[in-house]
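So you can see what is in the structure, the chains are spelled out below.
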Protein chains: 2
Amino acid sequence: MNLIILKDNDSLGQNRYRLEDHRAEHVTSVLKLQVGDSFQVGLLNGPKGIATIEEISAKSLTVRVEKLEEIPPPKPVVDLVCALPRPQTVKKVLFISAMMGVRSLYFIRANRVEKSYYQSPLLEPKNYTPHLIEGLSQGKLTRLPEVFIYDRFKVFFENVLPELEKSSNTTPVKLAADPETKISLADVKINESGRLIFAIGPEGGWVPFEIEMMEGAGFQRFTLGRWILRVEHAVTAALSQLELLCSDTGG
Amino acid sequence: MNLIILKDNDSLGQNRYRLEDHRAEHVTSVLKLQVGDSFQVGLLNGPKGIATIEEISAKSLTVRVEKLEEIPPPKPVVDLVCALPRPQTVKKVLFISAMMGVRSLYFIRANRVEKSYYQSPLLEPKNYTPHLIEGLSQGKLTRLPEVFIYDRFKVFFENVLPELEKSSNTTPVKLAADPETKISLADVKINESGRLIFAIGPEGGWVPFEIEMMEGAGFQRFTLGRWILRVEHAVTAALSQLELLCSDTGG
């Protein structure tokens, strides 16, 4: 846990918070902190700050939070469109997306998505949110990605996405991962202060109809490399490669 | 399973192989192939080819393999030095390394590595090899990465690594991931036809003494990006970023 995330329902008012779960355990048993010690915290969807321990009891921890500082938003702003994978992989995609600062996560249907995946209890906010918070905690971020779940491919690209674009005043760069192309991210014009949408296909890849429809919706195909990756590795690879392209040159 | 990997002990001689495990199950139940059908296979540490089904019984599958073709080795040749993580993460690092074509994998001790991790039965070849083969199968590669396990940090960098370098006729570019630097892979001179060693630290990072010693051994620090990643994501990120830098421009 690199950053302890505090939620509204932990608040006691007046910048004081009480932790009663694995976070309290982490602070006392792993970090081995005591009354008067401080550690970094992030307020969910808010700033980071310093928490000082006021009280430790058998099962809870009371802290006072100070020195709150907003976290600058990641640039470019990245949304992820992901063919809904099996639940074990959904957990990994949620974690990675939160850790790496994805703004919105759209799970969509695709030809190679099993319909049964939509029955998973994991797709309820109360079940998926903990995986997002764990990712924020790892990545030292606080902004919870928004998660949207669509069960029709065509409707998403023909109706949902155009509506989303209308409501925004910048046009995103739209990219669909596809091992069949030779074009890499290095060949794509990326606006660092703009928006970008990555579409990541299901295990087995997109079918030709899906590629056509995405291209019709303004997506450009790109390859992540020579390998065939699993969904969670493709998400990590895409976000890492983008980070490299947008990194400040320090050498 | 993107590529079925065949091993020596599957061989019946004369290019015929018998499969009796989950691979047979995959071919008949997932791919739904029948006698006379063909699918792609890779011989472990050898070429890829086409297997044609000769016989299907309740529990086994007999195939004849033809059209063998060597797979060109990945470039640059990458070795990975990884602070030994907990066993669940070791499995992921093994899988990812094999999937993404790492040649040799050196697990080493570091200050933030728990000594108990060295007791894991997973560190025996018979237990770790299946994870490597699963990774090859995903990445459509056949060359099994070599795995080495060292329990002393200093000895590895002062004795083992120099010996390895002496035995090779090219000097590798040596890079240590460290979130504390601003230098990204884009700032590093990479020889695409040469060798490269990535060093990935433990959860919590390297300690200053380790950074110093690695720098003394010719390692240059680099950052994978703004986030704090878990070990398995750092491995994926490093290999993906390298792939981007070495990709042919196709656009």
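Calculation rules
- Residues numbered from 1 in each chain as written.
- Chains lettered and ligands numbered in written order.
- Predicted model: local features only at pLDDT ≥ 70, side-chain atom pairs only at ≥ 80, totals over all residues.
- Heavy atoms only, no water.
- Pairing = 2+ DSSP bridges.
- Helix = DSSP H or I, 4+ residues; strand = E, 2+ residues; numbered from the N terminus.
- Buried < 20%, exposed > 50% of the residue type's maximum accessible area, 1.4 Å probe, protein only.
- pLDDT = per-residue confidence, 0-100.
- Contact = heavy atoms within 4.5 Å.
- Buried area = accessible area lost by both parts, 1.4 Å probe.
- Salt bridge = Lys/Arg side-chain N within 4 Å of Asp/Glu carboxyl O.
- Polar contact = N/O pair within 3.5 Å; in protein donor to acceptor, adjacent residues only side chain to side chain.
- Nonpolar A, V, L, I, M, F, W, Y, C, P; charged D, E, K, R; others polar.

Observations regarding the pairing of strand 5 (residues 48-56) of chain B
All names here are of chain B.
Reasoning step 1: In terms of strand pairing, strand 4 (residues 38-43) meets strand 5 through 5 bridges, oriented antiparallel. Pairing of S38 across the sheet is with T52, part of strand 5.
Reasoning step 2: In this antiparallel pair of consecutive strands, strand 4 and strand 5, the connection spans 4 residues, and N45 shows a positive phi of 60°.
Reasoning step 3: As judged from the 7 bridges shared by strand 5 and strand 6 (residues 61-69), these two strands associate in the antiparallel manner. Within strand 6, the position partnered with I53 by the bridge is V63.
Reasoning step 4: The turn linking strand 5 back onto strand 6 is made up of 4 residues.

A short note on unusual backbone geometry
Leaving glycine out, the prevailing phi sign among residues is negative, and the prevailing peptide bond configuration is trans.
Reasoning step 1: Geometrically, the link from K75 of chain A to P76 of chain A is a cis peptide bond, its omega value of -10° lying close to zero.
Reasoning step 2: Its place among the elements puts P76 of chain A in the loop between strand 6 (61-69) and strand 7 (77-83).
Reasoning step 3: Phi is positive for K32 of chain A, close to 55°, though the residue is something other than glycine.
Reasoning step 4: Among the secondary structure elements, K32 of chain A is positioned in the loop between helix 1 (22-30) and strand 4 (38-43).
Reasoning step 5: Residue classification places K32 of chain A among the exposed positions, given a relative accessible area of 60%.
Reasoning step 6: Even without a glycine there, the phi angle at Q14 of chain B is positive, about 50°.
Reasoning step 7: By the secondary structure assignment, Q14 of chain B is in the loop between strand 2 (11-13) and strand 3 (16-19).

Considerations on the pairing of strand 11 (residues 195-200) of chain A
All names here are of chain A.
Reasoning step 1: Among the 6 residues in strand 11, 6 count as buried, and that is most of the element.
Reasoning step 2: Burial along strand 11 is two-sided: the face carrying R195, I197 and A199 and the face carrying L196, F198 and I200 are both buried.
Reasoning step 3: The pairing of strand 7 with strand 11 spans 6 bridges and is classified as parallel. Each residue of the ladder has a partner; that of D79, found in strand 11, is I197.
Reasoning step 4: Summarising the sheet, strand 10 (residues 173-177) and strand 11 pair through 4 bridges and their orientation is parallel.

Quick notes on the confidence of the model for chain A
Reasoning step 1: For chain A, the mean per-residue pLDDT works out to 93, and 98% of the residues sit at or above 70.
Reasoning step 2: Taken together, the chains of this predicted complex give a pTM of 0.93 and an interface ipTM of 0.92.

Observations concerning the interface of chain B and chain A
Interfaces are often sized by the accessible area lost when the parts come together.
Reasoning step 1: Every contact between the two is made by 39 residues of chain B and, on the other side, 39 residues of chain A.
Reasoning step 2: Carbon and sulfur atoms supply 58% of the area that chain B and chain A bury against each other, a total of about 3200 Å² over both sides.
Reasoning step 3: Three residues stand out in chain B for area buried against chain A, namely W227, E243 and L244 of chain B, and they jointly supply 21% of the buried area on that side.
Reasoning step 4: For the pair chain B and chain A, the number of links is 4 salt bridges.
Reasoning step 5: With a shortest N-O distance of 2.6 Å, R226 of chain A and E243 of chain B are connected by a salt bridge.
Reasoning step 6: Summed over the shared surface of chain B and chain A, the number is 16 residue pairs in polar contact (both at pLDDT 80 or more).
Reasoning step 7: Taken together, the elements giving at least two residues each to the side of chain B that touches chain A come down to helix 2 (87-99), helix 3 (125-139) and helix 6 (231-245) of chain B.
Reasoning step 8: Looking at the side of chain B that touches chain A, the element that brings in the most residues is helix 6 of chain B, giving 9 residues.
Reasoning step 9: Residues of the side of chain B that touches chain A, tallied by class, amount to 16 nonpolar, 13 polar and 10 charged.

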